[in-house]
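# Geometric and topological summary
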Amino acid sequence: MSHQEGGTRARQFVHKVARQKGISTGRTYTSRYRGVHQTFPTRRWEAQFRRNGKPTSLGCFDHEEEAARAYDRMMVWCELHCQEARPLQKTAGYKPSFSTVPLNFDWIEYKGDIEALKKITQDELVHNLRRQGRMQAATNCVHSSL
């Protein structure tokens, strides 16, 4: 491959990344929080995590912080249930270490949720978080139509 071809490919790659991030249009749809991005055209905030290597939506929220908290609750659930991604930690007597979990907010904010998170499945949590987001959207539609 010639030097010129390599430069062209590099520019194409940079342009593709810029386009994906909204840079070429002057828009940015990224969040300051882990696991959160702004959707288009609703401009709501979507929380996502990876399940089996695939992005999985946790719902769309009116406020960026609410989406970040939805992501955090899923990360706390994953730590409590010691996901398969970390099989070395699946030993008898394993205690979750929330200080090492990458959360957006201090884990103390979720201390009251821990018992409930221990009792539900991951699918139930995903369903509950998505329902919270839908309820916000429905509430806003009712208020905007009045």
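Cut-offs and rules
The numbering scheme is per chain: residues are counted from 1 as the chain's sequence reads. At least 70 in pLDDT is required for a residue's local features to be given in this predicted model, at least 80 for side-chain atom pairs to be given and counted, and no such filter applies to totals for whole chains, interfaces and linings, which use all residues. Water and hydrogen atoms were dropped before computing side-chain values, which therefore reflect all heavy atoms in the structure. The way it works is that DSSP assigns letters per residue, a run of H or I at least four long becomes a helix, a run of E at least two long becomes a strand, and they are numbered from the N terminus. Summary of the burial criterion: residues with accessible area below 20% of their type's maximum are buried, those above 50% are exposed, and those between are partly exposed, where the area comes from a 1.4 Å probe applied to protein chains only. Any pair of residues with heavy atoms lying within 4.5 Å of one another is described as a contacting pair. Throughout, the Shrake-Rupley method with a 1.4 Å probe supplies accessible areas, and for residues the shown protein chains are the sole cover considered. DSSP bridges decide pairing: two strands pair if at least two such bridges lie between them. In this description, a line fitted to the C-alpha atoms serves as the axis of each element, helices being fitted only across the stretch in contact, and the angle between N-to-C directions of two axes falls anywhere from 0 to 180 degrees. Aromatic rings from Phe, Tyr and Trp, with only the six-membered ring used for Trp, were paired whenever their centres fell within 6.5 Å, and each pair was classed as stacked if the ring planes differed by under 30 degrees, edge-to-face if by over 60, and tilted otherwise. By the criterion adopted, a ring carries a charge over it if an Arg CZ or a Lys NZ lies within 6 Å of its centre and within 35 degrees of its normal. Each salt bridge in this description consists of a side-chain nitrogen of Lys or Arg and a carboxyl oxygen of Asp or Glu lying within 4 Å of one another. Multiplying 1.5 Å by the residue count of a helix minus one yields the expected span of that helix. Residues belong to a common nonpolar core when they are buried Ala, Val, Leu, Ile, Met, Phe, Trp, Tyr or Cys residues joined through side-chain atoms within 4.5 Å.

## Description of the overall build of the protein chain
In terms of helices and strands, the protein chain carries four helices and three strands. The order of helices and strands in the protein chain, counted from the N terminus, is α-β-β-β-α-α-α. A buried classification covers 32% of the 146 residues belonging to the protein chain. Considering only contacts in the protein chain between residues 6 or more positions apart, those separated by 24 or more positions represent 49%. Accessible area for the protein chain stands at about 10,000 Å²; split by element, carbon and sulfur atoms hold 54% of it.

## Some words on the sheet that holds strand S3 (residues 54–61)
Taken together, three strands build an open sheet; the order of strands is S1-S2-S3 and the sheet is antiparallel. In this open sheet, the two edge strands, each paired with only one partner strand, are strand S1 (36–38) and S3. Each strand axis lies, on average, 35 degrees off the axis of its neighbour in the sheet, ignoring direction. Looking at chain direction, S1 and strand S2 (residues 45–51) are connected through three bridges and run antiparallel.

## A look at the packing of aromatic side chains
Per the counting criterion, the structure on display carries one aromatic pair. Summarising the aromatic geometry, the rings of Tyr33 and Phe105 are spaced 5.2 Å apart at their centres and angled 40 degrees between planes, so their arrangement reads as tilted. Placement of the pair is Tyr33 in the loop between helix H1 (3–20) and S1 and Phe105 in the loop between helix H2 (64–81) and helix H3 (114–119), with a sequence separation of 72 residues. The residues Tyr33 and Phe105 share a single accessibility class, namely buried. The aromatic ring of Phe105 is capped on one face by Arg69, whose charged end is 4.0 Å from the ring centroid.

## Brief notes about the pattern of salt bridges
Opposite charge on two side chains allows them to pair when their charged atoms are near. Under the definition given, this model contains seven salt bridges. In this structure, Asp123 and Arg51 form a salt bridge, with 2.6 Å as the shortest nitrogen-oxygen distance. Here Arg51 lies in strand S2 and Asp123 lies in helix H4 (residues 122–145), a separation of 72 residues in the sequence. Among the residues examined, Arg51 registers a relative accessible area of 23% and is labelled partly exposed. A salt bridge links Glu115 to Lys118; the nearest nitrogen and oxygen atoms lie 3.4 Å apart. You can see Glu115 and its partner Lys118 sitting in helix H3, three residues apart, about one turn around the helix. Relative accessible area serves as the criterion here: at 45%, Lys118 is assigned to the partly exposed category.

## Re H2
The end-to-end C-alpha distance of H2 is 26 Å, a good match for the 26 Å that 18 residues give at a rise of 1.5 Å each. Among the 18 residues of H2, 13 are classified as buried, and the element is accordingly described as predominantly covered.

## Thoughts on the nonpolar core
Grouped burial of nonpolar side chains is what soluble globular proteins tend to show. Ala47, Phe49, Leu58, Met74, Met75 and Val76 are the most contacted members of the largest nonpolar core, which has 27 residues in total. At the level of secondary structure, the elements contributing two or more residues to this core comprise S2, S3, H2, H3 and H4. Of all the elements, H2 adds the most residues to this core, at 10 residues. Discounting chain neighbours no more than four positions away, the residues touching Met75 are Phe49, Val101, Pro102 and Leu103.

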